[in-house]
Amino acid sequence: MPYTYRDPSSRAPSVPQNACATHSSGQTYQQLKLECQQKGTLFEDCDFLANDSSLFYNEKPPIPFVWKRPGFWQYNEWLDVVIDDRLPTFKDRLVFLHSADLNEFWSALLEKAYAKLNGSYEALKGGSSIEAMEDFTGGVGETFEVKTAPKNFYELLQRALKRSSLVGCSIDITNAAESEARTTTGLIKGHAYSVTGIDEVNYRGQTVRLIRVRNPWGQVEWNGAWSDNSSEWDSLSPSEKQQLHHTALDDGEFWMKFEDFLSNFEKVEICNLTPDALEDNAAHKWEVSIHQGSWVRGATAGGCRNFIETFWTNPQFKLQLTEKDEGQDECTFVAALMQKNRRKLRKLGAALLSIGYAIYESPDKDEHLTKDFFRYHASRAKSKSYINLREVSDRFELPPGDYIIVPTTYEPQQEADFCLRVFSEKKVVTKLISFIQLQDMEISAEELEYILNAVLEKSKCQHGHSTSTSTGEWPHSSGNEKLEFNEFKLFWDKLKKWISLYLHFDADQSGTMSSHELRLALKAAGFQLNNYLLQLIVLRYSDDQQQIEFDDFLNCLIRLENASRVFKALCVENKDFINLHINEVTKAKHCQ
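So, how was this worked out
Every residue gets a number counted from 1 within its own chain, in the order that chain's sequence is written. For a predicted model such as this one, the threshold for reporting local features is a pLDDT of at least 70, and the threshold for listing and counting side-chain atom pairs is 80 or more; totals across whole chains, interfaces and linings nevertheless cover every residue. Each side-chain value is derived from all of the structure's non-hydrogen atoms; neither hydrogens nor water enter the calculation. Within this document, salt bridges are pairs made up of a side-chain nitrogen of Lys or Arg and a carboxyl oxygen of Asp or Glu, the two lying within 4 Å of each other. By the criteria applied, helices consist of DSSP H or I runs no shorter than four residues and strands consist of E runs no shorter than two, each listed in order from the N terminus. When DSSP finds two or more bridges between two strands, those strands count as paired. UniProt positions are given in the numbering used here, feature names are shortened, and annotations may be inferred rather than shown by experiment. A contact between two residues is defined here by any heavy atoms of the two lying within 4.5 Å. The definition of a polar contact used here is a pair of N or O atoms within 3.5 Å, where within protein one atom must be able to donate a hydrogen and the other to accept one, and adjacent residues in sequence count solely through side-chain atom pairs. Buried, partly exposed and exposed residues are distinguished by accessible area as a fraction of the type maximum, computed with a 1.4 Å probe on protein chains only: under 20%, between the cut-offs, and over 50%, respectively. Aromatic rings from Phe, Tyr and Trp, with only the six-membered ring used for Trp, were paired whenever their centres fell within 6.5 Å, and each pair was classed as stacked if the ring planes differed by under 30 degrees, edge-to-face if by over 60, and tilted otherwise. The reported arc concerns the directions from the helix axis to the C-beta atoms and nothing else. Helices are assigned an expected span. That span is 1.5 Å times one less than the residue count.

- Under an unreviewed UniProt entry, the name given to the protein chain is Calpain 9, and the source organism is Naja naja.

**A look at the pattern of salt bridges**
Turning to step 1, where the next piece is worked out: Per the counting criterion, the structure on display carries 17 salt bridges.
Turning to step 2, where the next piece is worked out: Of the charged contacts, one joins Lys 189 and Glu 178 as a salt bridge, the two residues approaching to 3.5 Å between their closest N and O atoms. Taken together, the positions of Lys 189 in the loop between β9 (166-170) and β10 (193-203) and Glu 178 in the loop between β9 and β10 put the pair 11 residues apart, joining distant regions of the chain.
Turning to step 3, where the next piece is worked out: Among the ionic pairs, Asp 402 bridges to Lys 318, the shortest N-O distance being 3.7 Å. Residue Asp 402 is located in strand β20 (residues 401-409), and its partner Lys 318 is located in strand β15 (residues 317-321); the two are separated by 84 residues in the primary sequence.
Turning to step 4, where the next piece is worked out: One continuous salt-bridge network, built from bridges that share partners, spans Glu 44, Asp 84, Arg 86 and Lys 112.

**Some points on the sheet that holds strand β7 (residues 93-94)**
Turning to step 1, where the next piece is worked out: On the basis of which strands lie adjacent, the open sheet formed by 3 strands has the order β3-β6-β7 and antiparallel pairing. Sheet topology places β3 (66-68) and β7 at the edges, where each strand pairs with a single neighbour.
Turning to step 2, where the next piece is worked out: Pairing of strand β6 (residues 87-90) with β7, which is carried by 2 bridges, proceeds in the antiparallel orientation. From the neighbouring strand, Phe 90 faces β7, where its bridge partner is Arg 93.

**Here's the deal with the UniProt feature "active site" (unreviewed entry) in the protein chain**
Turning to step 1, where the next piece is worked out: Here, UniProt's "active site" (unreviewed entry) annotation points to His 191 and Asn 215. A maximum C-alpha distance of 8.4 Å is found for the annotated residues, which run over 25 residues; spatially they form one tight group.
Turning to step 2, where the next piece is worked out: Within the element layout of this structure, His 191 appears in the loop between β9 and β10.
Turning to step 3, where the next piece is worked out: Those residues within four positions of His 191 in sequence are excluded, and the remaining contacts are Cys 169, Ser 170, Ile 171, Glu 180, Asn 215, Pro 216 and Trp 217.
Turning to step 4, where the next piece is worked out: One polar contact links His 191 to Glu 180, side chain to side chain, over a distance of 3.3 Å.
Turning to step 5, where the next piece is worked out: Mapping Asn 215 onto the fold places it in the loop between β11 (206-214) and α5 (238-243).
Turning to step 6, where the next piece is worked out: Under the relative-accessibility criterion, Asn 215 is labelled buried at 0%.
Turning to step 7, where the next piece is worked out: Apart from the residues lying within four places of it in its own chain, the contact partners of Asn 215 are Ile 188, His 191, Tyr 193, Val 220 and Gly 252.
Turning to step 8, where the next piece is worked out: Polar side-chain contacts of Asn 215 include one of 2.9 Å to the backbone nitrogen of Trp 217.

**Points about the sheet that holds strand β22 (residues 428-432)**
Turning to step 1, where the next piece is worked out: Taken in spatial order, the 5 strands of this open sheet run β18-β17-β20-β15-β22, and their pairing is antiparallel. The sheet is open, and its two edges are formed by β18 (381-382) and β22, each paired on a single side.

**Overview of the packing of aromatic side chains**
Turning to step 1, where the next piece is worked out: Scanning all chains against the criterion turns up 25 aromatic pairs.
Turning to step 2, where the next piece is worked out: Between Phe 144 and Phe 153, the aromatic rings sit 5.4 Å apart at their centres with planes inclined by 50°, giving tilted as the arrangement.
Turning to step 3, where the next piece is worked out: Here Phe 144 falls in the buried class, since its relative accessible area comes to 10%.
Turning to step 4, where the next piece is worked out: Each member of the aromatic cluster is reached from another via a ring pair, and the members are Tyr 154, Tyr 193, Phe 254, Phe 258, Phe 261 and Phe 265.

**Topic: the pairing of strand β21 (residues 416-424)**
Turning to step 1, where the next piece is worked out: A large share of β21 lies buried, amounting to 8 of its 9 residues.
Turning to step 2, where the next piece is worked out: Two strands pair when backbone bridges link them, and strand β14 (residues 287-295) and β21 are joined in this way by 9 bridges, in the antiparallel orientation. Bridge pairing links Glu 287 to Ser 424 in β21.
Turning to step 3, where the next piece is worked out: Note: strand β16 (residues 331-339) against β21, 7 bridges, orientation antiparallel. If you follow Ala 336 over to β21, its bridge partner there is Arg 421.

**A few points about helix α1 (residues 29-39)**
Residues three or four positions apart in an α-helix share a direction because the helix packs 3.6 residues into each turn.
Turning to step 1, where the next piece is worked out: Where α1 is concerned, the buried positions are Tyr 29, Leu 32 and Cys 36. Take α1 and look down its axis: the buried residues cluster within an arc of 70°, on one side only. Turned more than 90 degrees away from the buried face of α1 sit Gln 30 and Gln 38, all of them exposed.
Turning to step 2, where the next piece is worked out: After α1 finishes, the residue Gly 40 shows a positive phi value of roughly 70°.

**Looking at the environment of His 98**
Turning to step 1, where the next piece is worked out: As for its placement among the helices and strands, His 98 is situated in the loop between β7 and α2 (106-118).
Turning to step 2, where the next piece is worked out: Overall, the relative accessible area of 45% leaves His 98 in the partly exposed class.
Turning to step 3, where the next piece is worked out: Sequence-wise, His 98 and Ala 108 are 10 residues apart; in three dimensions their C-alpha atoms are separated by 5.5 Å.

**Topic: the environment of Gly 298**
Turning to step 1, where the next piece is worked out: Locating Gly 298 in the fold gives a position in the loop between β14 and α7 (308-311).
Turning to step 2, where the next piece is worked out: As a C-alpha pair, Gly 298 and Gln 413 span 115 residues in sequence and 6.5 Å in three-dimensional space.

**Some words on the pairing of β16**
Turning to step 1, where the next piece is worked out: Burial of β16 is extensive: 9 of the 9 residues sit out of reach of the surface.
Turning to step 2, where the next piece is worked out: The side-chain alternation of β16 yields two buried faces, one formed by Cys 331, Phe 333, Ala 335, Leu 337 and Gln 339 and the other by Thr 332, Val 334, Ala 336 and Met 338.
Turning to step 3, where the next piece is worked out: Relative to strand β19 (residues 391-398), β16 runs antiparallel, the two being bridged by 8 bridges. Directly across from Ala 336, in β19, lies its bridge partner Ser 393.

**Here's the deal with unusual backbone geometry**
Turning to step 1, where the next piece is worked out: The residue Asp 92 is not glycine, and still its phi comes out positive at about 65°.
Turning to step 2, where the next piece is worked out: Secondary-structure assignment places Asp 92 in the loop between β6 and β7.
Turning to step 3, where the next piece is worked out: In this structure Asp 92 comes out as exposed when scored by relative accessible area, which is 57%.
Turning to step 4, where the next piece is worked out: Residues other than glycine seldom take positive phi values, yet Ser 164 does so here, at roughly 60°.
Turning to step 5, where the next piece is worked out: Along the chain, the position of Ser 164 falls in the loop between α4 (153-162) and β9.

**So, α2**
Turning to step 1, where the next piece is worked out: With 13 residues, α2 extends 19 Å from end C-alpha to end C-alpha; this agrees with the ideal 18 Å at 1.5 Å per step.
Turning to step 2, where the next piece is worked out: Where burial is concerned, most of α2 is hidden: 12 out of the 13 residues are buried.
Turning to step 3, where the next piece is worked out: One or two residues past the end of α2 sits Gly 119, with phi positive at roughly 105°.

Structural data, given as structure tokens:
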């Protein structure tokens, strides 16, 4: 049977209705399951074969694996990850993730779905617990160093748990020998604990803040104050103990004083869940705004503020904070910037880029900010540092107002897709700021190049190459190398048609068009050309393999459009040819 992973936690959505099918057949989990049931066969996944390529992309298997049968959210969209139930084993034992019960396989199947999503089992090496929490829930993560945690850390954790956030904590290690080492207080170093509760009690006339922690082993607990069998519990009434769900079982879960928590644990990770990952009756939910974007070489990959000449070309998002937090003068929000697909692209040599963002107070005009603005204005807030993590996130408290978030790579001209998410306690409004400044109703060559690269990158025409097209090659009435807005609209209508033609006649979807496909595309675009002209065009625009890339195709059409316009302007007798004197040639050049 096919298996699909969805978070087994009750907090996860039962069946995300908008999950995208990821199987190459285009069939959903339910369709594949029904097909297997009707045929009476077990599912075999042609997308993720039971062979060495699904285990490693850069290594040879250290042992001979035998695949046997036992007898997800990514980048802001829920995915159905369909797998079969064949698992890699050695000497009849599962090689990778396995449960203590050798007849229990859900964890191994979950791992296989995650490995398929990322390309291989090897691609799962490294990372962090917060990354896994995000992938299994769709949430956004925050990491706090306890020594530098904010003063209101207790209240922050309290609000997080009220919103059903996943909270983890750990004790750092300084060397490999300390991994899983047990301290005298019963805590394990280098071990991922979860925080399951937070509360206050009246103890001997004083308010004591408590926090509940769980060891995922299901045993080995804290043995200090407020541990399961400590004397502090004797001072509480049965109803108070019941309120805290106190038990004296060796089940891995224990309470401790919050001050002891701060002095023993060194790192806390919070995964804030999106509303679609919570039950409908959840009392507290985050407000979430999400934007997808890309850094494209030569267009929107401007690098950090150190590179002032290009920094302004990065995507810019307007953030409007309108409602203060309850009882506060500021607005709390978490901004998280995630670079997409880097783990899957490891096999192609792609590494994590150093990413970050800066937040500026927005001027009154609703427009893409220029180089001069950033030259003379400092950021109001920013991510802690540029770092090569999958996601960079930070919590901010700012007064109500309008702000601009600029997500960037550290170095300019580095290409990647990204997802920017803003989690806020109150409703906020975010939107992408258009690069075009319509106040002057003109589009410069620089603006046109930005638009082309940003839009065409999404149309699958560029295949990693930036487009370079000058507005001077398109007919315009102004004398300043700019298109007036009505001229741009005409160009844009033509461009949409040409994109459609290019995608249609690129029959093998190679990302380039052959000289034969070009003939058909030019005819469909309305240009009836003789063989001589076609030969000249192929010589001018094709490479050594007679292939034409999209930007060459686009420039070819623009020049043909110009030539056709000039011919019509000079042809007075509606003939198929014209004779030009030398001064008329000059006139024709001026028309272009």
